[in-house]
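# Chain and residue survey
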Amino acid sequence: MWPGGGSWPTCVGSVTAALLVAAVVLRFFIPSVWSSGNKRQAATAGGTAGARLPDGSLGWPLIGETLAFILSAYSPRPESFVEKRSLLFGKVFKSHLWGSPAVVSSDPEVSRAVLQADASALVPWYPRSLMELMGQSSILVLGGGLQRRVHGLAGAFFKSPQLKAQVTADMQRRVGRAMDAWSRSPESNGRGAPAAVRVQDEAKKIVFEILVRALIGLEEGHEMQYLRQQFQEFIAGLISLPVKLPGTQLYRSLMAKKRMTKLIKKIIQEKRMKRITEGGENLHGTHPRDMIDVLLGNGSDELTDELISDNMIDFMIPAEDSVPVLITLAIKYLSECPPALQQLEEENMELKRWKLGAGEILEWTDYMSLTFTQHVITETLRLGNIINGIMRKAVRDVEVRGHLIPKGWRVLVYFRGVHLDAAVHDDPHTFNPWRWKERADVVMSGGGFTPFGGGQRLCPGLDLARLEASIFLHHMVTNFRWVAEEDTVVNFPTVRLKRGMPIAVTRRT
Ligand code: HEM
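Analysis parameters
- Residues numbered from 1 in each chain as written.
- Predicted model: local features only at pLDDT ≥ 70, side-chain atom pairs only at ≥ 80, totals over all residues.
- UniProt positions renumbered as here; feature names shortened; annotations may be inferred.
- Helix = DSSP H or I, 4+ residues; strand = E, 2+ residues; numbered from the N terminus.
- Contact = placed C-beta atoms within 7 Å.
- Expected span 1.5 Å × (residues − 1).
- Buried ≥ 20, exposed ≤ 12 C-beta atoms within 10 Å, placed from the backbone.
- Arc of directions from axis to C-beta.
- Axes fitted to C-alpha atoms, helices over the stretch in contact; angles between N-to-C directions.
- Left-handed = near helix turned anticlockwise from the far one by under 90°.
- Core = buried A, V, L, I, M, F, W, Y, C linked by C-beta atoms within 7 Å.
- Parallel < 35°, antiparallel > 145°, perpendicular 65-115°, else oblique.
- Nonpolar A, V, L, I, M, F, W, Y, C, P; charged D, E, K, R; others polar.

## Here's the deal with the UniProt feature "binding site: heme" (unreviewed entry) in the protein chain
- Annotation from UniProt places "binding site: heme" (unreviewed entry) at Cys 459.
- By the secondary structure assignment, Cys 459 is in the loop between helix H20 (440-445) and helix H21 (462-479).
- Aside from chain neighbours lying at most four places away, what touches Cys 459 is Phe 452 and Gly 453.

## Let's talk about helix H7 (residues 144-159)
- Between its terminal C-alpha atoms H7 stretches 22 Å, which fits the 22 Å expected from 16 residues at 1.5 Å a residue.
- Every buried residue of H7 is listed here: Val 150, Ala 154, Phe 157 and Phe 158. All buried residues of H7 lie within an arc of 95° about the axis, which places them on one face of the element. Opposite the packed face of H7, turned more than 90 degrees from it, sit the exposed residues Gly 144, Gly 145 and Ala 156.

## Quick look at the packing of helix H9 (residues 199-216) against helix H15 (residues 322-335)
- Packing of H9 against H15 brings their axes to within 8 Å, and their N-to-C directions diverge by 145°. For the pair H9 and H15, the crossing hand works out as right-handed. Residue-level contacts link Val 199, Gln 200, Ala 203, Lys 204 and Val 207 of H9 to Val 323, Pro 324, Ile 327, Thr 328 and Ile 331 of H15.

## Section: the environment of Leu 53
- Following the sequence through the fold, Leu 53 ends up in the loop between helix H2 (31-45) and helix H3 (66-74).
- Exposure remark for Leu 53: the 20 C-beta atoms within 10 Å place this residue in the buried category.
- Along the backbone, Leu 53 and Glu 399 are 346 residues apart, and their C-alpha atoms lie at a distance of 9.3 Å.

## What to know about the nonpolar core
- Of all hydrophobic cores here, the largest spans 117 residues; its most connected members are Met 291, Met 312, Met 316, Leu 326, Ala 330 and Val 411.
- The element best represented in this core is H9, accounting for 11 residues.
- For Ala 330, the residues in contact, after removing those within four places along its chain, are Val 376, Ile 377, Thr 380, Ala 469 and Leu 473.

## A closer look at the packing of helix H10 (residues 222-235) against helix H14 (residues 305-320)
- In contact at an axis separation of 11 Å, H10 and H14 are set at 90° when each is read in the N-to-C sense. Viewed along their axes, H10 and H14 adopt a mutual orientation that is roughly perpendicular. For the pair H10 and H14, contact is made by Phe 231, Phe 234 and Ile 235 and by Ile 313, Met 316, Ile 317 and Glu 320, respectively.
- In terms of residue class, the contact of H10 with H14 is built from six nonpolar, no polar and one charged.

Structure below.
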């Protein structure tokens, strides 16, 4: 994953300039440093029978090909880095990224095999600032039985009908309230004039509070606002220079994490006390209201307050980042594709009329049963590539479908390269939700569509992300018409809309 905040772009210019100078010096004056590295790697290649180190270039000393990767990541075609090398070396090639030699894959089969690889061979790898902020007990870096336990508990909870019903009710209330506020805004003035809205900001406000309630049971109010402020400071440091001195972004983010941890630990303590006073047994059979209840209910000593609070903070990242971006991108793509918007409107209006006629309220199952709406979300995930790829580190020499990944090397599974590959998806740069009517199973099972990862780290929140996006889209298209302004997608360090996707909305009459 490339979660992160805004400090990387500002610092990257000076850092890369310094690295470049160092690289030039090394390249011309100490050539043996780089070439001896290559020989050592070639020697490792001989150790794994039959497997071959992929072709490619390790680039410059120290910086390798990181600068080229970042430059294309900032360009309108971030995948060009991988595309160019794929033409030269194949869809699996070697490179040198973020200070380490790496194998890069945009081959669906190889990528799928990496995602499903044994955790004793490949472990998650994240930039140092991110590791520092996540902590050692984060599910994103945990391995073995503990990761499987937390993953299983989270997956079961996020998939449970009870949580989906709670999230649906919360989301309907929050979306309704936000949309009423648009109609009452000064521009709209209650007379039906268009109101100016930034979809990305609105989606963030709504989704954050709903997921935080699902995670730690916190209701709207002062503490929620405080947590959101601290969280924004925390997330800004996820991709920053790994320097912890006072005044640096990483330091400020660590302080923000400390303050969040204090609040969350207080909530955990209160819940522990409640369990004791009400009797643990009496709580059996009642449905957990939030993720902390689930983890406490597991009764394992390994699930300490520290581990629970660290993980609750990490789980908030998709709430502030991935899900709101999914919603915002869907609105952008729909605005640019009138036939898709029309079909989405028709499908959702039909559901609304039918439910009104039957005198029923919308349930989570209603939203998830909307076939075309789900195609729109699937296509947004493919084209938008909210998570461009994930990185793993080889803890021993590993062979993946004939390719050698030497011990200590990283593997970048570049989802974006697969999702935008014309050999996998016809006309890949076009938003075409109808493509999912056919071939969906073939593409998905063959590793051609992995926005949520795969294997034992498959995103446990995938249903929830789809549900929240479906609810937002339903209320948007059944209550409003809008005109979108021009906006561009920024892909690095995280995917987002440059201007937050400004639209002028008018309530339907
Ligand atoms: C559009 C929305 C989302 C996208 C694109 C997304 C994508 C991903 C991806 C690609 C991974 C795999 C990381 C890896 O293999 O190292 C992942 C893991 C994870 N996601 Fe999501 N996610 C989304 C929403 C959510 C939501 C709503 C939650 C729940 C709060 C969530 C919780 C997690 C957790 C806990 C993991 C770590 C699983 C593990 O390592 O065992 N995600 N996500």
